[in-house]
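# Chain and residue survey
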Amino acid sequence: MKSAVETLNPTRVRLTVEVPFEELKDSLDAAYKKINQQVTVKGFRKGKIPARVIDQRFGRGAVLEEAVNDALPKFYTDAVNEAELNPLGQPEVDITELKDGETLNFTAEVDVRPTVEIPDYSGIEVEVDAVEVTDEDVEKSVEQLRDRFASTSPVERAAADGDVITIDLRAKVDGEVLEDGVADGVSYTIGSGELLDGIDDAVTGLEAGGEATFTSELKGGSAAGKEAEVTVKVTQVAARELPELDDDFAQLASEFDTLEELRADSRKRLANMKQYDQATQAQERVLDKLLELVEVPVPEKLLEDEINTRKHNLEHHQLGQMGLDLAKYLELQGKTAEEFETETREAAVKGIKTQFVLDELVKQEKLNVSQEELTEHLMRRAASSGMSPDQFAQAVVEQGQVPLLVGEVARGKALAAVVEKATVKDTNGEIVDLDDEEDEETEATEAAAESADAEQADDKAEEKTEG
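Residues numbered from 1 in each chain as written. Predicted model: local features only at pLDDT ≥ 70, side-chain atom pairs only at ≥ 80, totals over all residues. Heavy atoms only, no water.

Named according to an unreviewed UniProt entry, the chain is Trigger factor originating from Streptomyces hyderabadensis. Recorded in UniProt under Function (unreviewed entry), the annotation for the chain is "Involved in protein export. Acts as a chaperone by maintaining the newly synthesized protein in an open conformation. Functions as a peptidyl-prolyl cis-trans isomerase." According to its UniProt record, the chain has this under Subcellular location (unreviewed entry): "Cytoplasm". (UniProt positions renumbered as here; feature names shortened; annotations may be inferred.)

Right, dumping it as C-alpha cells:
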C-alpha cells in the first residue's frame with residue numbers, strides 16, 4: 001500500500017491511497033465466505049459453493065463491493081497512522097479506481113486536529129472580585145434561614161402579601177375546562193411568583209370562601225403557552241409567623257447554642273462560597289487570556305456538530321424538564337433567534353478552542369490522571385447530571401465515554417498549571433493566592449475545562465439510561 005497526504009487547509013487533509021490487488025486477498029476470501037453463508041445454489045451444500053459459481057450466479061462485482069467495504073477501514077487506518085494524523089470525525093471516502101486483479105485506489109478527506117503552538121503564558125494577569133462578606137450579607141443569610149422555620153396559623157381576614165393561602169383552581173381554554181386544568185387544595189404564598197402570572201393580584205384582598213377570575217398564559221400541561229381563563233377560590237388564609245431571632249432560634253435551626261455563633265458560621269460559609277466563586281472567576285478569566293494568546297483554527301464540520309449537540313441538549317434535556325420549548329425560552333430570555341444562534345456558535349467555538357489548547361498543554365506538560373482523580377471527577381459529574389454515581393459510571397462505560405472523562409480531568413490539570421503561573425489580583429489590588437483554596441480551584445478548573453465536551457458526555461449517558 002502507498003499513501004500520500006495533501007493539506008487542504010489547517011484543519012483538513014486529503015489522503016490518496018493505492019492498494020495492490022494482492023493485499024485484498026483476505027477481504028476477498030471473507031467476502032466469498034460471507035456470500036456463501038447467505039445464498040443457496042441447487043447442487044451445492046450451503047457454505048460449499050465454489051467462488052467461480054458465485055461469480056457466475058451473483059456477479060464478480062458483488063464480491064468486489066463486499067471485499068472493498070471490508071478492507072477500506074483497515075487501509076484508511078493504516079494510511080492515517082503512516083502519516084501520523086489526528087483525525088476528527090468520519091472521513092469522506094471516494095473510490096477513484098478499482099481494477100479487478102490490479103489495484104484499488106481511493107481518496108479520503110477528513111478533518112484533523114490542528115497544530116497548536118503554545119506561547120509563553122507566564123505573564124498572564126487577571127482581576128477578580130474581592131472576597132468581602134458584609135454585615136448585610138450575614139443578616140440576609142440568617143433571615144433566609146429564619147424564613148425556612150416560619151410557622152403559619154389560619155386567620156379570619158383578607159389575604160395579603162406574604163400570606164400562605166389554600167386555593168382551588170380551574171383553567172378554561174376556549175370556554176372548556178382542561179382535564180389537567182383542575183387543582184384543589186393548592187398551597188401558595190402570595191408574592192412568591194411560583195404559580196401563574198396575575199394570581200397575586202387576583203387573590204389579594206380575598207377572604208376564605210372568596211373567588212376571582214383572571215387571564216393568564218399557562219406555563220405547562222396540555223395547553224402550555226395558551227391564554228386561559230383561570231378561576232381561583234380561596235379556602236383558607238394563613239399568616240406566616242417568623243421565629244424570634246435569639247439563642248433559642250439558633251438552637252432550633254442549627255447546631256449552635258447562640259445567635260452570635262450562628263452568625264459567625266454564616267459569615268464563614270459565605271466567605272467560602274465567595275472564595276469558590278473567586279476561584280471559578282480566576283480560571284475563566286485566565287482561560288480567556290490564554291485563548292487570546294493562541295491561534296486556533298476550528299474545523300467547520302466539528303463546529304457544526306458541536307453547535308447541534310448544544311442545541312439538542314438544551315431543547316431535549318434542559319428545556320424539556322422545565323416544560324418549555326425553544327421559542328418560549330427565548331421569549332423569557334429576551335433574545336431573538338439570531339442572537340441565540342450567534343451566542344451558541346461563539347460558545348461552541350470557545351469550547352473547541354479550549355479543548356485543543358488544553359490538550360496540547362497536557363502533552364507539553366506530560367500530565368497524567370490517577371484513578372483517584374478520575375473517580376472524584378466522576379462523582380461530581382454524576383451529581384450535576386442528577387444520576388447516582390453507579391448509574392452514571394455504568395452509562396459512561398457502556399457508551400465508551402471513559403476517555404472523555406479522563407480528558408476533562410487532564411484539561412482541568414492543564415488549566416490549573418496555567419493559573420498557577422498567572423498573576424491574579426482582586427479588585428482591591430491584593431494578590432490572590434488560590435493555593436489557599438485548593439479544593440475550590442480543582443473543581444473550578446475542571447468546570448472551566450469541561451466546556452468543550454461535558455454536554456456530550458451527559459447527553460450520551462442520559463440517552464443510555466432513558467433507552
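On to the pairing of strand β1 (residues 2-9). Note on strand geometry: in a regular strand, side chains alternate between the two faces of the sheet. Bridging between β1 and strand β2 (residues 12-20) involves seven bridges; their strand directions are antiparallel. Bridge assignment links Ser 3 to a residue of β2, and that residue is Val 17. Counted along the chain from β1 to the antiparallel partner β2, the turn is two residues long. (Pairing = 2+ DSSP bridges. Helix = DSSP H or I, 4+ residues; strand = E, 2+ residues; numbered from the N terminus.)

Moving on: the nonpolar core. Judged by nonpolar contacts, the single largest core of 33 residues is most densely connected at Ile 124, Val 286, Leu 290, Val 357 and Leu 361. Counting residues per element, this core draws most heavily on helix α10 (residues 337-365), which supplies seven residues. Counting 31 residues, the second largest nonpolar core, distinct from the first, contains Leu 28, Tyr 76, Val 80 and Phe 106. (Core = buried A, V, L, I, M, F, W, Y, C linked by side-chain atoms within 4.5 Å. Buried < 20%, exposed > 50% of the residue type's maximum accessible area, 1.4 Å probe, protein only.)

This part is about the packing of aromatic side chains. The tally for this structure, following the rule as stated, stands at one aromatic pair. With a centroid separation of 6.2 Å and 85° between ring planes, the pair formed by Phe 149 and Phe 249 is classed as edge-to-face. A residue pair is termed long-range when its members are at least 10 positions apart, and Phe 149 in the loop between α4 (135-148) and β6 (151-154) and Phe 249 in helix α6 (residues 247-253) qualify at 100 residues. Accessibility expressed as a relative area gives 31% for Phe 149, which makes it partly exposed. (Phe/Tyr/Trp six-rings, centres within 6.5 Å; stacked < 30°, edge-to-face > 60°.)

This part takes up the sheet that holds strand β4 (residues 103-112). One open sheet accounts for four strands, arranged β1-β2-β4-β3; its pairing is antiparallel. Two strands bound the open sheet, and with one partner strand each, they are β1 and β3 (87-99). For this sheet the average axis-to-axis angle between neighbouring strands, irrespective of direction, equals 20°. Its contacts with the sheet put helix α3 (residues 60-83) on β1, β2, β3 and β4, and the angle it makes with β3 is roughly 125°. (Axes fitted to C-alpha atoms, helices over the stretch in contact; angles between N-to-C directions. Contact = heavy atoms within 4.5 Å.)

Attention now goes to the environment of Leu 302. On the secondary structure map, Leu 302 appears in helix α8 (residues 300-322). Measuring from C-alpha to C-alpha, the distance between Leu 302 and Asn 105 comes to 27 Å, with 197 residues separating the pair along the chain.

Note that Val 369 resides in the loop between α10 and α11 (371-385). The exposure class assigned to Val 369 is partly exposed, which follows from its relative accessible area of 25%. Sequence separation between Val 369 and Glu 408 is 39 residues; the distance between their C-alpha atoms is 9.8 Å. In this view, Val 369 contacts Leu 374, Val 406, Val 409 and Ala 410; residues no more than four positions away in its chain are not counted.

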